[in-house]
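Read off the chains here:
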Amino acid sequence: MKLTSRDANRYFAKPDPSRTGLLIYSADAMRVALKRQEVIEALLGPNGEEEMRLTRIPGGELRKDPAMLLDAVKSISFFPGPRVAFVENATDASAPAIANALQDWSDGDAQVIVTAGQLKASSKLRKLFENHPNAYAVGLYDDPPTREEIEAELARSGLTQVDPQAMTDLTTLSRELSPGDFRQTLEKLALYKLNDPDPASSDDVAACAPATSEAALDDILNIVAEARTAEIGPILNKLQAQGVNAVSLCINATRHFRTLYAAAADPGGAAQGVARMRPPIYGPRRDRMIRQAQAWSAPKLETALTLLTDTDLQLRSAGQRAPAMALVERMLIRLAMLARR
């Protein structure tokens, strides 16, 4: 069975020990690792691994010895309590061995937890869990954590008193940091407020936040495509501090707008155009690309691509004297203003 994002977050915090297994897959290995760690700890408690109630099986070894997983599922621990057989970095090649373990599973056996990278809808491994009556499959996408998730993570770190403005700051910060960095920031904030009876404030969040948060190229491209002109300067400064050069930024912007143009110009509409993309575009990013293509329309995107091409040629010109990043910033602002017309 498939779990929605909302149901999945609740399940990770309080998993059902009577379930046969759980598959967690995503292109983001850090997101998978954090959720896998959360669900296994919720199932076994903090001492599960010390009490040998957790068996780790690398996906590569399972392909060589398919019986490993079934042996782990049926084995008995010296310590009482639920057990987990964890298969890491599984692929479709591991599907037959995992299917055999799920089929022979019975009450009292170890629950099967499997992690994988990005899986297509046609994946054998994904179908195995989605079609199983007593197992779950969860796909994780590049969404920032919800307020509920942030509050739960703070509570796990021992911090329960946070004023409303600080929570707003944390929500904003969650969109700028990677999942691992954001979790470390929350743990740092909890330690910073240890034995302090006052609620965490915006100043406390600022003191614990990384000095320079990483900005991704996708961030600036989405900001421009969605006409959020005021946000271009700050994130461009972050990209420049990270070493992103003007030509690379222009190339990536051209690639993004070509993708939007292909979607907007499709006879079947933007949704069908995005569905035709290769490699495929999944999850929330797919929905976002569709909205952007619909908002721009093909004629506007033709103008945008002309502006991008002219800027690229100007950057590569031997006679170019103006600061390259200034040229790119001006181009991005013009694109964002074009989107508003």
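Below you will find a few notes about this structure. All residue numbers here refer to positions counted from 1 along the written sequence of the relevant chain. It should be noted that, the model being predicted, local features are given only for residues of pLDDT at least 70 and side-chain atom pairs only at 80 or more, the latter also being counted only at that level, while totals for whole chains, interfaces and linings use all residues. Note: side-chain values were computed over all heavy atoms of the structure, leaving out hydrogens and water.

## Side note on the overall build of the chain
Next up, step 1: For helices the rule is a DSSP run of H or I covering at least 4 residues; for strands it is a run of E covering at least 2, with both sets numbered from the N terminus onward. When helices and strands are counted, the chain shows 17 helices and 5 strands.
Next up, step 2: Projected onto its principal axes, the C-alpha positions of the chain cover 75 × 55 × 35 Å.
Next up, step 3: Relative accessibility thresholds used throughout: buried, under 20% of the residue-type maximum; exposed, over 50%; partly exposed, between the two (1.4 Å probe, protein chains only). Each of the 341 residues in the chain was classed as buried or not, and the buried ones make up 45%.
Next up, step 4: Residues counted as positive are Lys and Arg, residues counted as negative are Asp and Glu, and His and the chain ends are not counted. Where a charge sits is defined by one atom per residue type, namely NZ (Lys), CZ (Arg), CG (Asp) or CD (Glu). Counting 41 positive and 43 negative side-chain charges, the chain places the averaged centre of each group 8 Å from the other.

## A word on the sheet that holds strand β3 (residues 84-90)
Next up, step 1: Each pair of strands is called paired provided DSSP finds at least two bridges between the two strands. Reading across the sheet, the 5 strands line up as β2-β3-β4-β1-β5 and stay open at both edges, with parallel pairing between neighbours. Of all strands in the sheet, those with a lone pairing partner are β2 (54-58) and β5 (135-139), marking the two edges. Within the sheet, the average angular offset between the axes of one strand and its neighbour, ignoring direction, is 15 degrees.
Next up, step 2: Pairing between strand β1 (residues 21-25) and β5: 5 bridges, direction parallel. Its bridge partner lying in β5, leucine 22 is registered against tyrosine 136. Fitting a line to C-alpha atoms yields each axis, with helices limited to the stretch in contact; the angle taken between N-to-C directions then spans 0 to 180 degrees.

## Notes on the side chain of glutamate 153
Next up, step 1: Here glutamate 153 lies in helix α7 (residues 147-156).
Next up, step 2: By definition, residues are in contact when any of their heavy atoms lie within 4.5 Å. Setting aside residues no more than four positions away along its own chain, glutamate 153 makes contact with Arg183 and Leu186.

## Section: the pattern of salt bridges
Next up, step 1: A side-chain nitrogen of Lys or Arg and a carboxyl oxygen of Asp or Glu constitute a salt bridge if their distance falls within 4 Å. Scanning all chains against the criterion turns up 19 salt bridges.
Next up, step 2: Measuring nitrogen to oxygen at the nearest pair gives 3.6 Å for the salt bridge that ties arginine 19 to aspartate 16.
Next up, step 3: Aspartate 16 sits in the partly exposed class, given a relative accessible area of 26%.
Next up, step 4: Between aspartate 312 and arginine 316 there is a salt bridge; the shortest N-O distance is 2.8 Å. Pair noted here: aspartate 312 and arginine 316 are both in helix α16 (residues 298-316), with a separation of 4 residues, about one helical turn.
Next up, step 5: One network of salt bridges, with partners in common, ties together Glu226, Arg228, Glu231 and Arg288.

## Side note on the environment of isoleucine 223
Next up, step 1: Structurally, the position occupied by isoleucine 223 is in helix α11 (residues 217-225).
Next up, step 2: Once the C-alpha coordinates of isoleucine 223 and alanine 336 are considered, the two residues, 113 residues apart in sequence, prove to be 8.0 Å apart.
Next up, step 3: Not counting chain neighbours up to four residues away, the residues in contact with isoleucine 223 comprise Arg228, Glu231, Ile232 and Ile235.

## Quick notes on the packing of aromatic side chains
Next up, step 1: Geometry of aromatic contacts follows a simple scheme: Phe, Tyr and Trp rings, the Trp one being its six-membered ring, pair when their centres are within 6.5 Å, and the pair is stacked under 30 degrees between planes, edge-to-face over 60, tilted otherwise. For the structure shown, the criterion picks out 2 aromatic pairs.
Next up, step 2: With a centroid separation of 5.0 Å and 75 degrees between ring planes, the pair formed by tyrosine 11 and tyrosine 136 is classed as edge-to-face. Linking tyrosine 11 in helix α1 (residues 5-13) with tyrosine 136 in strand β5, this pair joins segments that are 125 residues apart in sequence.
Next up, step 3: Centroid distance phenylalanine 257 to tryptophan 296: 5.2 Å. Interplanar angle 80 degrees. Geometry classified as edge-to-face. Here phenylalanine 257 is found in helix α13 (residues 246-264), whereas its partner tryptophan 296 is found in helix α15 (residues 283-296), with 39 residues between them in sequence.

## Quick word on the nonpolar core
Next up, step 1: By size, the foremost hydrophobic cluster in this structure holds 41 residues, and its most contacted members are Ile220, Leu249, Phe257, Trp296, Met331, Leu332 and Leu335.
Next up, step 2: For leucine 335, the contacting residues outside a window of four places in its chain are Val224, Phe257, Trp296, Ala304, Leu307 and Leu308.
Next up, step 3: Counting 25 residues, the second largest nonpolar core, distinct from the first, contains Ala85, Ile98, Ala101 and Ala116. The definition of a nonpolar core used throughout is a set of buried Ala, Val, Leu, Ile, Met, Phe, Trp, Tyr and Cys residues joined through side-chain atoms within 4.5 Å.

## A look at a nonpolar patch on the surface
Next up, step 1: A patch is a set of surface residues, each over 30% in relative accessible area and not in a salt bridge, joined within 9 Å for like charges and within 5 Å for the nonpolar side chains Val, Leu, Ile, Met, Phe, Trp and Tyr. In this description, accessible areas are obtained by the Shrake-Rupley approach with a 1.4 Å probe, and a residue is regarded as covered only by the protein chains that are shown. Judged by side-chain polarity, Met52, Phe78 and Phe79 come together as a nonpolar surface patch covering roughly 390 Å² of accessible area.
Next up, step 2: Mapped onto the elements, methionine 52 comes out in the loop between α2 (29-44) and β2.

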